[in-house]
Amino acid sequence: MANFILRKAEPKDVSDILRLIKKMANFILRKAEPKDVSDILRLIKELAKFEEMEEQVVLTEKELLEDGFGDHPFYHCVVAEVPKDKQSVEGYTVVGFAMYYFTYDPWIGKLLYLEDFYVMKEFRGYGIGSEILKRLSETAVKARCSGMHFIVAEWNTSSIEFYKRRGAADLSHEEGWRLYEIDKRNLLKMTSK
Amino acid sequence: MRFTICAAKPEDCKDIARMIMELAVYEKMPDQVKISHKELERDGFGPNPFYQCLVAEVPEEHKSKDGHTKVGYALFFYTYSTWKGRTVYMEDLYVMPEYRGKGMGKALIATVAKVAKEQHCVRLQFSVLDWNKPSLDFYLSKGAEDLTAKEGWHFLRFHGIALDNLAQEAP
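If you're wondering where the values come from, they're calculated on a predicted model, not measured in any experiment.

Reading the values: rules and limits
Residues numbered from 1 in each chain as written. Chains lettered and ligands numbered in written order. Predicted model: local features only at pLDDT ≥ 70, side-chain atom pairs only at ≥ 80, totals over all residues. Heavy atoms only, no water. Helix = DSSP H or I, 4+ residues; strand = E, 2+ residues; numbered from the N terminus. Buried < 20%, exposed > 50% of the residue type's maximum accessible area, 1.4 Å probe, protein only. Areas by Shrake-Rupley, 256 points an atom, 1.4 Å probe, with all protein chains shown as cover. Lys, Arg positive; Asp, Glu negative; His and termini not counted. Charge placed at Lys NZ, Arg CZ, Asp CG, Glu CD. Pairing = 2+ DSSP bridges. Contact = heavy atoms within 4.5 Å. Axes fitted to C-alpha atoms, helices over the stretch in contact; angles between N-to-C directions. Buried area = accessible area lost by both parts, 1.4 Å probe. Salt bridge = Lys/Arg side-chain N within 4 Å of Asp/Glu carboxyl O. Polar contact = N/O pair within 3.5 Å; in protein donor to acceptor, adjacent residues only side chain to side chain. Nonpolar A, V, L, I, M, F, W, Y, C, P; charged D, E, K, R; others polar.

1. Focus on the overall build of chain B
When helices and strands are counted, chain B shows 6 helices and 7 strands. Summarising its shape, the C-alpha atoms of chain B cover approximately 60 × 35 × 35 Å along the three principal directions. Evaluated residue by residue, chain B yields a buried proportion of 53% over its 171 residues. If you sum the accessible surface of chain B, you get close to 8000 Å²; carbon and sulfur atoms cover 53% of it. Computed over 23 positive and 24 negative side-chain charges, the inter-centroid distance for chain B is 5 Å.

2. Quick word on the sheet that holds strand E1 (residues 4-7) of chain B
Pairing is mixed across the open sheet formed by 7 strands, whose spatial order is E1(B)-E2(B)-E3(B)-E4(B)-E5(B)-E7(A)-E6(B). The two strands at the open ends of the sheet, each matched to only one other strand, are E1 and strand E6 (145-146) of chain B. As paired strands, strand E3 (residues 70-81) of chain B and strand E4 (residues 85-95) of chain B are joined by 10 bridges and run antiparallel to one another. Opposite Thr79(B), over in E4(B), you have Thr87(B) as the bridge partner. Seen against the sheet, helix H4 (residues 133-141) of chain B touches strand E7 (177-183) of chain A together with E4 and strand E5 (123-129) of chain B and runs at an angle of roughly 160° to E5(B).

3. Observations regarding the interface of chain A and chain B
Interface size, as often reported, equals the accessible area lost upon joining of the parts. Facing the 71 residues of chain A at the interface are 71 residues of chain B. Interface area, chain A with chain B, both sides summed: about 7400 Å², of which 62% is carbon and sulfur. Per-residue buried area on chain A facing chain B is highest for Tyr104(A), Trp107(A) and Tyr180(A); these three make up 14% of the total on that side. There are 4 salt bridges connecting chain A and chain B. A salt bridge links Arg178(A) to Asp146(B), with the nearest nitrogen and oxygen atoms 2.8 Å apart. Viewed at the interface, chain B and chain A are joined by 31 residue pairs in polar contact (both at pLDDT 80 or more). Taken together, the residues of the side of chain A that touches chain B break down into 37 nonpolar, 14 polar and 20 charged. Bridge count between E7(A) and E6(B): 2 bridges; the pairing is antiparallel. Bridge pairing in E6(B) links Tyr180(A) to Asp146(B).

4. Looking at the environment of Ala167(B)
The topology assignment puts Ala167(B) in helix H6 (residues 161-168). The class of Ala167(B) is buried, set by a relative accessible area of 12%. Sequence-wise, Ala167(B) and Met96(B) are 71 residues apart; in three dimensions their C-alpha atoms are separated by 40 Å. Non-local contacts of Ala167(B), meaning those with residues more than four positions away in its chain, are made with Lys134(A), Ser137(A), Glu138(A) and Val141(A).

Okay, here's the thing in structure tokens:
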């Protein structure tokens with residue numbers, strides 16, 4: 001647990017203060033554009049690595065481009081961008097993203113489904129995640145959605161706490177819903193019968 | 001028993017709404033149904049459909065005791081996986097109890113799978129209540145995997161007031 005003191009700054013602190021000022025979030029949120037696909041894929045892979053499933057990312061930039069910016073978009077995306085002077089250690093300015101799409105609940109109608117939501121580690125704690133979530137919920141309300149749904153791995157307690165603090169309910173826990181999947185191989189088996 | 005599986009039409013929405021309620025009753029959550037056939041029509045058959053729907057129909061001579069010939073449905077939409085790409089999410093699959101065991105459920109899900117294949121989707125996802133053994137058995141026989149058990153996924157949501165509060169939160 002954090003062991004710290006608060007004290008009045010002294011002249012010797014100025015270089016640390018300047019460092020922290022520079023770190024302070026100065027960012028914008030904007031709709032993703034085709035030019036962002038390589039950053040989006042990079043962030044997708046970083047998030048997958050955190051979820052310990054990096055090898056499961058088989059999506060390519062080409063597919064992301066076609067599927068998000070073609071005639072029939074399968075997803076929508078917002079990105080968080082910092083100015084060049086605040087870029088990450090590796091030189092990136094796109095430092096967070098959220099991918100979402102609209103789904104349908106036959107009981108309550110339109111929903112916004114949050115597929116991925118991630119902010120690079122060095123840019124956390126500055127309100128970028130909160131601002132993204134706020135922007136998405138505004139989008140949901142504007143589009144007359146009854147709710148925003150998403151899934152979280154049960155071991156991911158920090159994310160679960162982040163969402164619960166903001167009023168999210170765990171439907172798997174409260175109502176017993178479990179996520180199932182039929183993969184491509186079994187899908188093809190069904191169509192050939 | 002002969003039956004057909006067809007893409008739903010706007011005029012099917014009353015039957016679909018009826019069956020949505022029947023499924024909600026089975027899932028023990030009928031008070032959670034808030035929309036009617038009007039919203040279904042607007043949201044499924046406008047210029048920007050939010051879902052796709054298949055309907056299972058029997059000939060007149062096999063109509064239900066209440067006179068219905070539309071006896072099953074599957075409601076689904078496209079989603080996206082940042083790992084694997086295009087996915088179909090099957091939101092509802094239902095056959096009226098008196099028409100079960102005749103291959104309609106199998107035909108409905110196989111047609112959803114066919115649509116998924118045509119749209120180059122790599123998988124079909126859906127959710128099932130943990131106590132719903134007949135459905136779980138049906139899906140497992142088709143090769144479904146429980147990702148909640150395997151990978152620990154839980155469904156979360158922001159709903160109603162919680163969503164409004166989130167939208168109003170100061171930065």
